[in-house]
Amino acid sequence: MKVVTVGTSIITSTNIEQMKMAGIEVFACVSRDLERAKQFAKENGIEHYADNFDKVLKSNDFDFVYIGLPNSLHYEYAKKALENSKNVILEKPMCVNQKQVKELISLALTKGLYVFENMKTYHSLAYKTLIHDIDKIKPIRSVNLNYSKYSSKYDLFKSHKEQTIFSLKYASGALMDLNCYNVAFAIGLFGLPVSSTYICNKKDDIDISGTAILKYPDFIVNAIACKDSNAKNYIDICGERGHIYSEIDVSIMDEYKIYLNDGSVKEVKLKEPFAFKPALRTFKNIYENNDTYKYDYYMKLSLMEARVLDDLRKSASIKYEGE
């Protein structure tokens, strides 16, 4: 498995480091600025670099493209890669809306390729263990999630300086940057909600903080995410027989405690210092073993996630440029 990366963000550098740990070869990096591509390649120990994505796609020297660009560019770049017979790893959220996600998955299927969403939440050992531990406290009655952190770009945004992470043009904001983790966390545990509502604070039409309310038949998920303030992040899953609690946000949750009504407490610690590595290792295994069953499972999660994000945005009258 040989990958070309697109984008020069910190998240891309982090993934490059962890791709190497997962046994994935990083063949080259691409940036629209050739000097930036050269510098990025040097910083990340990559031999090849380029500034022409279309030209790079004609090469037969690699089989995957990792796309770490702003949300609104995911669909365009991924479609080009698939059309040129390259598999794709997309940063979360996979695309701006479910329509784009469906099109990419369909195109990949037609061409016998894979398109993955790099939603690390689904792949951690702690999360996979939690899926089974929830049975100990069922029936579920309430779920409360908070993933909030004051963005390093927020002050610049308040000063009316354009920021890609606060932008209708780039399909960003609190929901798509942070609350999508909460949404994915809930969907992976409980499936599609009956209804989804988003109540948010906006500045210049961008949601800067808000609460997603996911209604299930017998309980409600309250998912808070803020880019304009810090908070004590937590996960609290409450059932009739006890509750499960963690003081770690859903994106990197690797430990939690199970409090049962009989007074017993069980602590679960499954530390994974490299948060993206499990997902990347999973993608590699699916690709190399042609594990279509597992692939279908993750694609269904991505489709459900995209559908709920669409519903949440619609409820809050959030529409991105170009939609």
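We now turn to the structure provided with this report. Think of each chain on its own: its residues are numbered from 1, step by step along the sequence as written. Two thresholds apply to this predicted model, a pLDDT of at least 70 for residue-level local features and 80 or more for giving and counting side-chain atom pairs, whereas whole-chain, interface and lining totals are computed over all residues. Working from all heavy atoms in the structure, the side-chain values ignore hydrogens and water.

1. Observations concerning the nonpolar core
At step 1: In plain words, nonpolar cores are sets of buried Ala, Val, Leu, Ile, Met, Phe, Trp, Tyr and Cys residues tied together by side-chain atoms within 4.5 Å. Whether a residue is buried, partly exposed or exposed follows from its accessible area with a 1.4 Å probe, protein chains only, as a fraction of its type maximum: under 20%, in between, or over 50%, in that order. Counting residues in hydrophobic clusters, the biggest one holds 103 residues, and the most contacted among them are Val115, Leu130, Phe185, Phe190, Val221, Ile237 and Leu312.
At step 2: Secondary structure is summarised from DSSP: a helix means a run of H or I of at least four residues, a strand means a run of E of at least two, and numbering begins at the N terminus for each. The dominant element in this core, judged by the number of residues it contributes, is helix H8 (residues 174-190), at 13 residues.
At step 3: Pairs of residues are marked as contacts when any of their non-hydrogen atoms sit within 4.5 Å. With sequence-adjacent residues up to four places away left out, Leu130 is seen in contact with Phe185, Leu189, Ile237, Ile244, Met253 and Tyr256.
At step 4: In this structure, Phe157, Phe166, Ile206 and Ile208 belong to the second largest nonpolar core, which totals five residues.

2. Remarks on helix H6 (residues 125-133)
At step 1: Turning to H6, its buried residues are Ala126, Tyr127, Leu130 and Asp133. For H6, the buried positions fall inside an angular range of 115° around the axis, keeping them on one side.
At step 2: Where H6 is buried, its residues contact H8, strand S11 (234-239), strand S12 (242-246), strand S13 (255-260) and strand S14 (265-269). Read the arc as the range of directions from the helix axis to the C-beta atoms.

3. Some details on helix H2 (residues 34-43)
At step 1: All of the buried residues along H2 are Ala37, Phe40 and Ala41. Taken down its axis, H2 places every buried residue within 100° of arc, on the same side. Set apart from the buried face of H2 by more than 90 degrees, the exposed residues are Glu35 and Lys42.
At step 2: Each element contacted by the buried residues of H2 is listed here: strand S1 (2-6), helix H1 (10-21), strand S2 (25-30) and strand S3 (48-50).
At step 3: The N-cap of H2, judged by a side-chain oxygen 2.9 Å from the amide nitrogen of Glu35 a few residues on, is Asp33.
At step 4: Just beyond H2, the residue with positive phi is Gly45, at close to 65°. What qualifies as a polar contact is a pair of N or O atoms within 3.5 Å, subject to a donor-acceptor requirement within protein and to the restriction that residues adjacent in sequence count only when both atoms come from side chains.

4. Comments concerning the environment of Asn261
At step 1: Mapped onto the elements of the fold, Asn261 is located in the loop between S13 and S14.
At step 2: Look at Asn261 and you get exposed, because its relative accessible area is 58%.
At step 3: For the pair Asn261 and Ile137, spaced 124 residues apart in sequence, the C-alpha separation works out to 8.8 Å.

5. Here's the deal with the sheet that holds strand S4 (residues 64-67)
The strands making up a sheet associate through hydrogen bonds between their backbones, and the pairing can be parallel or antiparallel.
At step 1: Think of it this way: DSSP has to see at least two bridges between two strands before they count as a pair. Spatially, six strands are ordered S3-S2-S1-S4-S5-S6 in an open sheet, and the strand pairing comes out parallel. Of all strands in the sheet, those bounded by a partner on one side alone are S3 and strand S6 (115-118). Averaged over all pairs of adjacent strands, the angle between strand axes in this sheet comes to 25°, irrespective of strand direction.
At step 2: Of the strand pairs in this sheet, strand S5 (residues 87-91) and S6 are connected by four bridges, and their pairing is parallel. The partner of Ile89 across the bridge, within S6, is Phe116.
At step 3: Axis lines are fitted to C-alpha atoms, over the contacting stretch for helices. Their N-to-C directions set the angle, which ranges from 0 to 180 degrees. Each of S1, S2 and S3 is contacted by H2, which is oriented at about 160° to S3, the strand it contacts most.

Take it as geometry only, folks, not as evidence of what the structure does.
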